Amino acid sequence: MISYLQQLISTAPMNLISYADYISTALYHPEFGYYMKDKQKIGRNGDFITTSNISDIYGRLIAKWFSQVCERNEFNPVFCEIGAGNGRFARAFLEEWNKSIQTPIEYIIVESSPYHRKLQRELLSKDFSIIQVENLNELEAFEGMVFSNELFDALPVHVIEKVNGKLFEVMIGCQNEKLFEKRVPLSNAAIYSFLEDNQLHLNENQRLEVPLIMENMLKEISKTLLKGLVVTADYGYSNVEWMEPQRARGSLRGYYQHQMIDDVLLNPGEMDITTHIHFDSLIRKGEHVNLKLLSKLRQDEFLLKAGILKDLENHYDPNPFSVVSKRNRAIRSLIMPSGMSAYFQIVIQQKSLNFTENDLFSE
């Protein structure tokens with residue numbers, strides 16, 4: 001990977017590439033990219049964990065909630081998951097659907113990683129009928145729901161910084177096979193537009209990630225979805241929160257064997273790279289492509305509204321080592337204020353619908 005990056009940088013203007021180009025290469029290069037490699041990334045033996053890997057409760061609840069949305073609103077049962085990882089969410093979802101709903105469903109997985117596509121086929125293909133594609137543009141436009149969990153936080157971002165009252169873009173160079181940062185005066189018009197649209201004014205020495213590619217992803221989603229809902233589960237900040245002093249150095253981080261790495265230039269291609277997303281921009285850019293905000297809830301609030309406590313009440317068991325008790329503990333971990341869900345938001349957008357939040361949840 002480092003040899004490839006060195007060659008890429010040596011042919012770039014000023015022998016520098018943007019952080020967005022670096023992250024894109026480190027994560028998504030067909031041969032060397034972290035997500036593309038034949039290597040476990042999610043779970044105890046990987047580098048990070050997701051909500052669906054804590055328990056199957058999450059996938060099963062989303063299945064029941066989606067079926068209720070379909071039933072109450074005569075909604076088309078087509079479910080498209082973008083970035084399905086090892087497939088555990090999809091399996092939990094489809095197991096619950098087949099068990100308690102038992103109506104036809106079209107389950108689509110959009111997955112760019114060959115390794116993850118292989119894992120998904122191994123986990124799902126024997127028991128379930130799925131459609132698996134590499135990119136959204138391979139799909140014909142459909143009506144239904146588009147769901148993603150920790151998708152936008154893995155997209156490449158530019159990095160800018162304010163020094164001595166001036167804005168700079170932080171670029172990446174390479175010397176003697178070692179990567180380094182170099183600030184250059186900000187000249188990217190799209191970044192200036194992003195700051196203006198979001199009314200973001202950096203403080204002195206503040207660093208910020210700018211997700212220009214996020215708008216392209218929203219455009220692709222909207223182009224693929226004729227009519228329906230887009231559900232995004234991710235972590236991030238509002239514009240106001242981005243300006244708080246504790247976020248002055250941005251949020252770009254690496255994760256390797258469940259350890260947080262501050263310097264994402266270390267070991268490119270060997271660790272996950274992630275950043276908190278700009279929720280206000282996600283919502284605003286969504287509006288530009290006909291994805292209208294319907295609801296934004298903290299994940300634990302969403303799970304409660306979707307009826308997670310019904311599973312807790314219906315599965316009480318005094319034996320702390322039973323399967324039921326383990327499931328109850330998993331449910332509590334998803335809704336406790338100190339749990340994982342407190343850091344996530346669920347953004348629900350609609351296209352060509354006139355839903356209210358009441359249409360999403362049973363009373």
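Scroll up a little and you will see the structure.
Being a predicted model, the structure only gives us computed values, none of them experimental.

*Asks:* For this particular structure, what's the right way to read the nonpolar core?
*Replies:* Grouped together as the largest cluster of nonpolar side chains are 40 residues, with contacts concentrated most on Trp-65, Phe-79, Phe-93, Tyr-107, Leu-229, Phe-302 and Ile-348. Within the residue set of this core, elements represented by two or more residues are α4 (57-73), α5 (88-101), β3 (106-110), β5 (142-149), β10 (225-234), β16 (292-298), α11 (299-305) and β17 (345-351). Looking at this core element by element, the count peaks at nine residues for α4. The residues touching Phe-79, leaving out its near neighbours within four places in the chain, are Ile-62, Phe-66, Phe-89, Phe-93, Ile-105, Glu-106, Tyr-107, Ile-108, Met-145 and Phe-147. Val-78, Phe-142, Leu-155 and Phe-279 belong to the second-largest nonpolar core, a separate cluster that totals 26 residues.

*Asks:* Sorry, what's going on with unusual backbone geometry here?
*Replies:* In most cases, non-glycine residues show a negative phi, while peptide bonds are predominantly trans. Its identity as a non-glycine residue notwithstanding, Glu-177 has a phi of 60°, on the positive side. Following the sequence through the fold, Glu-177 ends up in the loop between β7 (166-175) and β8 (178-185). A positive phi is found at Asn-205, a non-glycine position, where the angle reads about 70°. Relative to the elements of secondary structure, Asn-205 occurs in the loop between α7 (189-197) and β9 (207-210).

*Asks:* Before we go on, may I ask you to explain the packing of aromatic side chains in this structure?
*Replies:* Geometry of an aromatic ring pair is reported as the spacing of the ring centres plus the angle between the planes. For the structure shown, the criterion picks out 24 aromatic pairs. Here the aromatic rings of Phe-79 and Phe-93 are separated by 4.4 Å at their centres, their planes lie at 35°, and the arrangement is tilted. Taken as a pair, Phe-79 in strand β2 (residues 78-82) and Phe-93 in helix α5 lie far apart in primary sequence, 14 residues in all. You can call Phe-93 buried: its relative accessible area is 0%. Seen from the ring of Tyr-237, Arg-247 lies directly overhead, with NZ or CZ sitting 3.9 Å from the centre.

*Asks:* What is the right way to read the pattern of salt bridges from this model?
*Replies:* Opposite charge on two side chains lets them pair, provided their charged atoms get close. Inspection of the entire model under this criterion finds 15 salt bridges. Two residues, Arg-91 and Glu-95, come together in a salt bridge whose shortest N-O distance is 3.0 Å. Residue Arg-91 and its partner Glu-95 are both found in helix α5; the two are separated by four residues, about one turn of the helix. Under the relative-accessibility criterion, Glu-95 is labelled partly exposed at 26%. A salt bridge links Asp-197 to Lys-285; the shortest N-O distance between them is 3.6 Å.

Cut-offs used in this document
- Residues numbered from 1 in each chain as written.
- Predicted model: local features only at pLDDT ≥ 70, side-chain atom pairs only at ≥ 80, totals over all residues.
- Heavy atoms only, no water.
- Core = buried A, V, L, I, M, F, W, Y, C linked by side-chain atoms within 4.5 Å.
- Buried < 20%, exposed > 50% of the residue type's maximum accessible area, 1.4 Å probe, protein only.
- Helix = DSSP H or I, 4+ residues; strand = E, 2+ residues; numbered from the N terminus.
- Contact = heavy atoms within 4.5 Å.
- Phe/Tyr/Trp six-rings, centres within 6.5 Å; stacked < 30°, edge-to-face > 60°.
- Lys NZ or Arg CZ within 6 Å of the ring centre and 35° of its normal.
- Salt bridge = Lys/Arg side-chain N within 4 Å of Asp/Glu carboxyl O.

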